[in-house]
4 protein chains.
Amino acid sequence: MTIVNGYEQSDREEKLNIINLTELEAKAKAIIPQGGFGYIRGGSEDEWTLRENSNAFEHAQIVPRSLTDMENPSTETNVFGLNLKTPIMMAPTAAQGLAHAQGEKDTAKGVAAVGGLMAQSTYSSTSIADTAAAGNGAPQFFQLYMSKDWDFNEHLLDEAKKAGVKGIILTVDATIDGYREEDMRNNFQFPIPMANLSEYSDGDGKGKGIAEIYASAAQKISGKDVERIASYTDLPVIVKGIESPDDAMLAIGSGAQGIYVSNHGGRQLNGGPASFDVLPAVAKAVNHRVPIIFDSGVRRGSHVFKALASGADLVAMGRPVIYGLALGGALGVQSVFETLNDELKIDMQLAGTQTIEDVKRAQLLHIHY
Amino acid sequence: MTIVNGYEQSDREEKLNIINLTELEAKAKAIIPQGGFGYIRGGSEDEWTLRENSNAFEHAQIVPRSLTDMENPSTETNVFGLNLKTPIMMAPTAAQGLAHAQGEKDTAKGVAAVGGLMAQSTYSSTSIADTAAAGNGAPQFFQLYMSKDWDFNEHLLDEAKKAGVKGIILTVDATIDGYREEDMRNNFQFPIPMANLSEYSDGDGKGKGIAEIYASAAQKISGKDVERIASYTDLPVIVKGIESPDDAMLAIGSGAQGIYVSNHGGRQLNGGPASFDVLPAVAKAVNHRVPIIFDSGVRRGSHVFKALASGADLVAMGRPVIYGLALGGALGVQSVFETLNDELKIDMQLAGTQTIEDVKRAQLLHIHY
Amino acid sequence: MTIVNGYEQSDREEKLNIINLTELEAKAKAIIPQGGFGYIRGGSEDEWTLRENSNAFEHAQIVPRSLTDMENPSTETNVFGLNLKTPIMMAPTAAQGLAHAQGEKDTAKGVAAVGGLMAQSTYSSTSIADTAAAGNGAPQFFQLYMSKDWDFNEHLLDEAKKAGVKGIILTVDATIDGYREEDMRNNFQFPIPMANLSEYSDGDGKGKGIAEIYASAAQKISGKDVERIASYTDLPVIVKGIESPDDAMLAIGSGAQGIYVSNHGGRQLNGGPASFDVLPAVAKAVNHRVPIIFDSGVRRGSHVFKALASGADLVAMGRPVIYGLALGGALGVQSVFETLNDELKIDMQLAGTQTIEDVKRAQLLHIHY
Amino acid sequence: MTIVNGYEQSDREEKLNIINLTELEAKAKAIIPQGGFGYIRGGSEDEWTLRENSNAFEHAQIVPRSLTDMENPSTETNVFGLNLKTPIMMAPTAAQGLAHAQGEKDTAKGVAAVGGLMAQSTYSSTSIADTAAAGNGAPQFFQLYMSKDWDFNEHLLDEAKKAGVKGIILTVDATIDGYREEDMRNNFQFPIPMANLSEYSDGDGKGKGIAEIYASAAQKISGKDVERIASYTDLPVIVKGIESPDDAMLAIGSGAQGIYVSNHGGRQLNGGPASFDVLPAVAKAVNHRVPIIFDSGVRRGSHVFKALASGADLVAMGRPVIYGLALGGALGVQSVFETLNDELKIDMQLAGTQTIEDVKRAQLLHIHY
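An account of the accompanying structure is given in this report. (Residues numbered from 1 in each chain as written. Chains lettered and ligands numbered in written order. Predicted model: local features only at pLDDT ≥ 70, side-chain atom pairs only at ≥ 80, totals over all residues. Heavy atoms only, no water.)

Attention now moves to the overall build of chain A. Within chain A one finds 15 helices and 14 strands. The C-alpha radius of gyration computed for chain A amounts to 19 Å, which stays within 12% of the reference 21 Å derived for 369 residues, consistent with globular compactness. Once the C-alpha set of chain A is aligned to its principal axes, its extents read approximately 60 × 45 × 40 Å. Out of the 369 residues belonging to chain A, those deemed buried represent 67%. (Helix = DSSP H or I, 4+ residues; strand = E, 2+ residues; numbered from the N terminus. Rg over C-alpha atoms; globule rule 2.2 N^0.38 Å. Buried < 20%, exposed > 50% of the residue type's maximum accessible area, 1.4 Å probe, protein only.)

Superposition record for chain D on chain C: RMSD 0.0 Å, screw rotation 90°, translation along axis 0.0 Å. Overall, the copies show the geometry of a four-fold rotation axis. (Least-squares fit on C-alpha atoms with pLDDT ≥ 70 in both.)

All right, on to the pairing of strand S8 (residues 140–145) of chain D then. Within a regular strand, side chains alternate between the sheet's two faces. Residues and elements named next belong to chain D. The buried fraction of S8 amounts to six of the six residues, a majority that puts the element mostly inside the structure. Residues Gln140, Phe142 and Leu144 of S8 are buried on one face, and the alternating residues Phe141, Gln143 and Tyr145, pointing to the opposite face, are buried as well. Of the pairings in the sheet, the one linking strand S7 (residues 118–121) to S8 comprises four bridges and is parallel in character. Bridged to Gln120 within S8 is Phe142. Considered for its hand, the β-α-β crossover made up of S7, helix H5 (residues 128–134) and S8 is right-handed. Two elements, S8 and strand S9 (residues 167–171), share five bridges in a ladder whose sense is parallel. Pairing of Phe141 across the sheet is with Gly167, part of S9. After leaving S8, the chain enters helix H6 (residues 150–162) and then returns to the sheet as S9, a path that is right-handed. (Pairing = 2+ DSSP bridges. Right-handed = clockwise from strand over helix to strand, strands pointing away.)

A separate point is the pairing of strand S11 (residues 258–261) of chain B. Residues and elements named next belong to chain B. Here S11 shows no split at all, with Gly258 and Tyr260 on one side and Ile259 and Val261 on the other all buried. Bridge count between strand S10 (residues 237–242) and S11: four bridges; the pairing is parallel. Its bridge partner being in S11, Ile242 is matched across the sheet by Val261. Note on the crossover from S10 through helix H11 (residues 245–253) to S11: the handedness is right-handed. In the sheet, S11 pairs with strand S12 (residues 292–294) via three bridges, with the strands oriented parallel. Its bridge partner being in S12, Ile259 is matched across the sheet by Ile292. For the crossover from S11 across helix H12 (residues 275–286) to S12, the handedness is right-handed.

On to the arrangement of the chains. In this assembly chain A lies apart from chain C, the nearest approach of their C-alpha atoms being 10 Å. In this view chain B stays clear of chain D, with the nearest C-alpha atoms of the two still 10 Å from each other. (Contact = heavy atoms within 4.5 Å.)

A few words now on the interface of chain D and chain C. Each partner contributes to the interface: chain D provides 31 residues, whereas chain C provides 38 residues. Regarding the contact of chain D and chain C, the summed buried area is about 3100 Å², with carbon and sulfur atoms giving 59% of it. On the surface where chain D and chain C come into contact, there are five salt bridges. Here Asp247(C) makes a salt bridge to Arg65(D), at a shortest N to O gap of 3.1 Å. (Buried area = accessible area lost by both parts, 1.4 Å probe. Salt bridge = Lys/Arg side-chain N within 4 Å of Asp/Glu carboxyl O.)

All right, on to the sheet that holds strand S7 (residues 118–121) of chain B then. All names here are of chain B. Reading across the sheet, the eight strands line up as S6-S13-S12-S11-S10-S9-S8-S7 and stay open at both edges, with parallel pairing between neighbours. The open sheet is flanked by strand S6 (88–90) and S7, the only strands paired with a single partner. Within the sheet, the average angular offset between the axes of one strand and its neighbour, ignoring direction, is 30°. Across the sheet, helix H6 (residues 150–163) touches strand S8 (140–145) and strand S9 (167–171), and the angle it forms with S8 is around 175°. (Axes fitted to C-alpha atoms, helices over the stretch in contact; angles between N-to-C directions.)

The next point concerns unusual backbone geometry. Located in the positive-phi region is Ala95(A), a residue other than glycine, with phi close to 55°. For Ala95(A), a relative accessible area of 5% corresponds to the buried category. Of note, the phi angle at Asn136(B) is positive, near 55°, even though the residue is not glycine. Classification of Asn136(B) as exposed rests on a relative accessible area of 66%.

Bringing the sheet that holds strand S10 (residues 237–242) of chain C into the picture now. Residue and element names in this part refer to chain C. With parallel pairing, eight strands are arranged side by side in an open sheet as S6-S13-S12-S11-S10-S9-S8-S7. Of all strands in the sheet, those bounded by a partner on one side alone are strand S6 (88–90) and strand S7 (118–121). If you compare each strand with its neighbour and ignore which way they point, the axes differ by 30° on average. Here helix H6 (residues 150–163) sits on the sheet and contacts strand S8 (140–145) and strand S9 (167–171); the angle it forms with S8, its principal contact strand, is near 175°.

Next up on the list: the packing of helix H13 (residues 301–309) of chain D against helix H14 (residues 319–350) of chain D. Residues and elements named next belong to chain D. One way to put it is that H13 packs onto H14 with a least axis distance of 7 Å and a crossing angle of 60°. Here H13 lies oblique to H14, going by the angle between them. H14 is crossed by H13, and the crossing has right-handed handedness. Residues Gly301, Ser302, Val304 and Phe305 of H13 lie in contact with H14, whose contacting residues are Leu340, Glu343, Leu344, Asp347 and Met348. (Parallel < 35°, antiparallel > 145°, perpendicular 65-115°, else oblique. Left-handed = near helix turned anticlockwise from the far one by under 90°.)

Once that is clear, we can look at the pattern of salt bridges. Pairing between side chains of opposite charge can happen when the charged atoms of each approach one another. Evaluation of the coordinates by the stated rule reveals 64 salt bridges over all chains. Salt-bridge contacts for Arg300(B) lead to Glu343(B); the nearest nitrogen and oxygen are separated by 3.1 Å. Within this pair, whereas Arg300(B) is found in the loop between S12 and helix H13 (301–309), its partner Glu343(B) is found in helix H14 (residues 319–350), the two being separated by 43 residues in sequence. Where salt bridges share partners, they join Glu23(A), Arg300(A), Glu343(A), Glu45(D), Glu181(D) and Arg185(D) into one cluster.

Take the interface of chain D and chain A next. On the chain A side, the residues contacting the 37 residues of chain D number 32 residues. For the chain D and chain A pair, buried surface summed over both sides reaches about 3100 Å², with 59% attributable to carbon and sulfur atoms. The three residues of chain D that bury the most area against chain A are Tyr179(D), Lys220(D) and Leu269(D), which together make up 21% of that side's buried surface. Between chain D and chain A we count five salt bridges in total.

Next up on the list: the environment of Gly324(D). Residue and element names in this part refer to chain D. One can find Gly324 in helix H14. According to the relative accessible area criterion, Gly324 is buried, its value standing at 0%. Apart from the residues lying within four places of it in its own chain, the contact partners of Gly324 are Leu16, Gly329, Gly332, Val333 and Val336.

Moving on: the environment of Lys345(B). Residues and elements named next belong to chain B. The topology assignment puts Lys345 in helix H14. Along the sequence, Lys345 and Lys148 sit 197 residues apart, while their C-alpha atoms lie 44 Å from each other. Not counting residues within four places of it along the chain, the set of residues in contact with Lys345 comprises Pro73 and Thr75.

Turning next to helix H3 (residues 48–55) of chain A. Among the residues of H3(A), Trp48(A), Thr49(A), Leu50(A), Glu52(A) and Asn53(A) are the ones counted as buried. Buried positions along H3(A) lie against helix H2 (34–41), helix H12 (275–286) and helix H14 (319–350) of chain A together with strand S3 (61–62) of chain B.

Inspection of the entire model under this criterion finds 36 aromatic pairs over all chains. Ring centres 6.5 Å apart and planes at 75° place the aromatic pair Phe276(A) and Phe294(A) in the edge-to-face group. Linking Phe276(A) in helix H12 with Phe294(A) in strand S12 (residues 292–294), this pair joins segments that are 18 residues apart in sequence. Here Phe276(A) and Phe294(A) have matching classes, each one buried. Considering the side-chain rings of Phe57(D) and Phe294(D), the 6.3 Å spacing of their centres and the 85° angle between planes classify their relative orientation as edge-to-face. Highlighted residues: Phe57(D) in the loop between helix H3 (48–55) and strand S3 (61–62) and Phe294(D) in strand S12 (residues 292–294), separated in sequence by 237 residues. Of the residues examined, Phe57(D) reaches a relative accessible area of 1% and is grouped as buried. On the basis of relative accessibility, which here comes to 0%, the residue Phe294(D) falls in the buried class. (Phe/Tyr/Trp six-rings, centres within 6.5 Å; stacked < 30°, edge-to-face > 60°.)

The next thing to look at is helix H2 (residues 34–41) of chain C. Summarising burial for H2(C): seven of the eight residues are buried, a large majority. When we look at burial in H2(C), the residues that qualify are Gly35(C), Gly36(C), Phe37(C), Gly38(C), Tyr39(C), Ile40(C) and Arg41(C).

In this structure, Asp347(A) sits in helix H14. Nearest to the buried, unbridged Asp347(A) among oppositely charged side chains is Arg300(A), at 7.2 Å. A polar atom in the side chain of Asp347(A) sits 2.8 Å from the backbone nitrogen of Ser302(A). Excluding residues within four positions of it along the chain, Asp347(A) makes contact with Gly301(A), Ser302(A), Phe305(A), Glu45(D), Leu269(D) and Asn270(D). (Lys, Arg positive; Asp, Glu negative; His and termini not counted. Polar contact = N/O pair within 3.5 Å; in protein donor to acceptor, adjacent residues only side chain to side chain.)

What follows covers the environment of Ala138(A). Residue and element names in this part refer to chain A. Structurally, Ala138 can be placed in the loop between helix H5 (128–134) and strand S8 (140–145). For Ala138, a relative accessible area of 24% corresponds to the partly exposed category. Ala138 sits 103 residues away from Gly241 along the chain, and the two C-alpha atoms are 25 Å apart.

Shown next, in the form of structure tokens:
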């Protein structure tokens, strides 16, 4: 165990014997300090949207197919010009030092080991360069929380470019922090510096609450910001936090080269729909003009399948990976992705889908009672 | 603590550290005597409608909006010619002396502190004049339970006018008391005089059950009564307890200048719909001819947002405020409104709505499974 | 307490202080021997239909009405040429000696006291004549379980006529006993003779299980049986156990002068719909040609209201009355009906309905989520 | 008790006093070793589909019918040219030695005693010939898990033919084993040889996990395989594991003489629909061209009724029979089928259906709330 500013960080490094990802939460809770765990797990208000995010996958059913003359389905896919071994990617997730002493470096290693796509957060515990280096050449995206300070934004984009990241995820649904009750109950403040902030200034986030961190972020975001960022960088810009056809159209019209459907894992607007429930309408509006990344509530291979069959090109996951990171470091992260990908492969076989493209064309049922 | 007729009234005066309003019920239960608490909390029959009132907000979902170029949403609004800092108002609620020794006076102070609208009840523990004075010039409405004795009705309207109230809320859904089982179990009788009754006669309500109190109220109410009251006073008359387009049309046709959609917080007709579920149909019938006030089941900022987006101009709340009153007096009341308004502001930002007018124009989803 | 064949019968005679009817079950369970209680309470198979019978009332909502210029609603009604003080009647219920030493005689007294309609069962513990006499001239119906022995059927119809009953309820949904697990678990056999059986033969039902009792009943029933009974008696014949428009049409075509919509309180076919859910379709088919009686699951005044507003002319209740009988004899029965009728009156006032005819014309909402 | 390779097999032989089939699970759990019980009971992933299989029967309701002039309904039926006393058949179920020392032999005896149809599994604990002989001339089907080794497939078909089986059930939905968590938790390996495997080679399945067993099965299955098997044998080939109209059409087009609608009891693709929910669409596509067998989730007589009324010609059951086998051997199996058939008969009488053909023509309601 590593102790930083009185906060006990896990430093485990081991493969995990995972039955399913939902079991990780209780195990992680036992080793992550209460404030850190609350920040990672929690959602906003009474967490209706957080719960609905996972429950909503029951709103669609996969049709079992049997006489399809196939075997050994492949989860390989090519999105944003990247060859990936799995359509399951790492969602950009802040402050992973809360879970493990190696933070995002170990996550990057674990993701690289499964041939997936890593996304770094602006609010990472480790720096863009360090996280990128840990990934051993595997593809990474950088997620930008747009600052009011454009110099800082440009600095981050420069750093990301320099580190060789392949795309920019611009988060636009966090213009204010959601009403997160668990953080309030824990009076949570980040005990660990955020490397990208401390590099640029002496305000490194340590000792601050989430509200203070967000205070330096831009609250007022529009298509013009998308345009400005897209014109500053030659990397593809994916706009994250889209839950409506209108915002998707605005983003694409402003130069977005990808749409990231997400309600921030139920951490922002509570009382909004499950992210899975809005995916089909957004996908219909996007109409294959740009790739779609989806997250919020994904815990099972069948969730990944259903999201792909509802319009997603990549499916991201946050909390379970962080739990795996805490429990096993890079190897734990790898175990989490392997488990979910194994489940996905079984679902693909049993649904008669050879490739990820087949999954995207699969028809779901929507039997409601 | 103050003891009146053997009843223990809270006299706390302090700001509350509130995480969410639903937590207040258990805290208030610990300090309000059983009979009084049962009267405040209870609904009718098996409380299906009471529970459905809050659950029904899940029948609609707020669409998160991100690229809307806005910040610092404002909850200010102008309704009935009144400039209000928040669209969340105090619902007229009887007998607040059950919760606190200062009763309605403290509620009025707390509401004034947040720039909201106070509504007094005919069955207040403190008099119209005293409650009005406590409000420091902030706007108040007076709610009338129509008596069989028109002299008394006119006396109350005169008192209200004299005290400077800005509108009359005429409650029409309490022509008989609902079948409130908790009051029956507690054999509840009001331990504290009702000031407006004792001023006028020696029948002050003390030592009576709710059925006896209602017995002096008019059971037979029609549009003619609305007309008579509207012609007696030059204040706007808002008819409260409307749950159908038919009654809304009747009320407006009889001179109502506002419609108050409410099922009395589930305290009258059980087996009726959640108030939120009938709001859109009533609003469609009213068609912006007069403002609409809504209550019943509101506990979260997202509830306020959804009610406004479904046709309400003001959203009222009763029980949580009374709990706040018991726990902290005027400061407790202020804390309750501030908490809910803070939640509303976050929801407004995350839904891309700058003003209350924007919220009213927001489109909700209705995803049902 | 009275002990008959080792079975302990209640002999209480007292008014009950009832908050609501659902609370009676637990109280009755405490004083009725296990086998008897299981027979009274139980349903068939896993009791899905039994539970759904009560839950289904939530499928419809009463519209609160306020400006309707009415007071003092009346529950009086005239059906089958009978002036009744309440539309709530006693459902024909077997073997009431299981609950009380006075059996059906006390039930008849209690029903008479509230001005309601009593229905005797073929399988009563007390004889037709004795039960009729106990009713003090108040109207009664006699319910016939058709025997394979037509002499016995005619004997019963003769007895009923002689005793002055006003109508014959022909039960047609019990051609075999439902799969009642609680009776199987208790290995239940009737400990108390059935008076109408013992009068006619030495086979009085005592010491038999429900299956044996039903074995002497006709299993094969058709419209021809309805015709035969209708032509034998000049009393109106109401066919009980109708859950479909088809059976309703068959019954009316065969001379039925009333339709009794019931699924036998969930005691016969499990996996069938809630009785309330099929009432509108049956009522539409019947189209006011004959009156409709409804039962199955009624526990609240709002249930009675909703059934009347969905096509019923009378609403019957069984189990809660039997519990009241056990707990208080004739006075207990009276208390049960008074409680439900009081609830109904409150619902009528709050829904703006002056008369039972108004209730029948009231429109329900069907908000489903 | 018999101990084989350290595994304790039941050797009980007795009639069971069954109230309902759902109660058997807990009783069986008490006597079957944990690993074996987990294999029998378990489903895949979080078992949503397993649970939904049984819950889905509530999506349809049987219409009670009363005036239908019938008695003594008969469950006899003729399907595939076989005269059966009951439409309830034994589902092909692997490794019944886990439940009882006599394994499939006792199951065959019990099924024969009720005049039903037995289906053997490729992965039986007892051999084709032994199981067939135990059936005393009663009809049996043989279920084929298609091996990659066609010599083995033909050997099995030859053995089945020689043993006098009347049909071949070709399972096509197990091209890979479902993600069965309980087996993973128990690290389950088959402790008992699979007779058909050990006869043919020295790989008898003992000491292997389900994944290893399936590894020798063909993963890639198409209509061509159906054709090849249908042309090799002159027995009717029924394709099992069909959940979509598309696969049903493919199977029939390839020579299938029966369609077996099943999701493998929720053991394969989780997140797929309840089998009962897809039955009507498959039946509509099949349009009576070939008989339909249905399984997954059947526990009550009303389930059998609803499946028949939704398009099935035979209804199969697995787990409850295995529990009965463990608890009572052949007599236990007989008790399970008798209980369910008794329930079915009661449902038939109360729904006014004289014959299984009448049941198939019965109209169900689909009331959803």
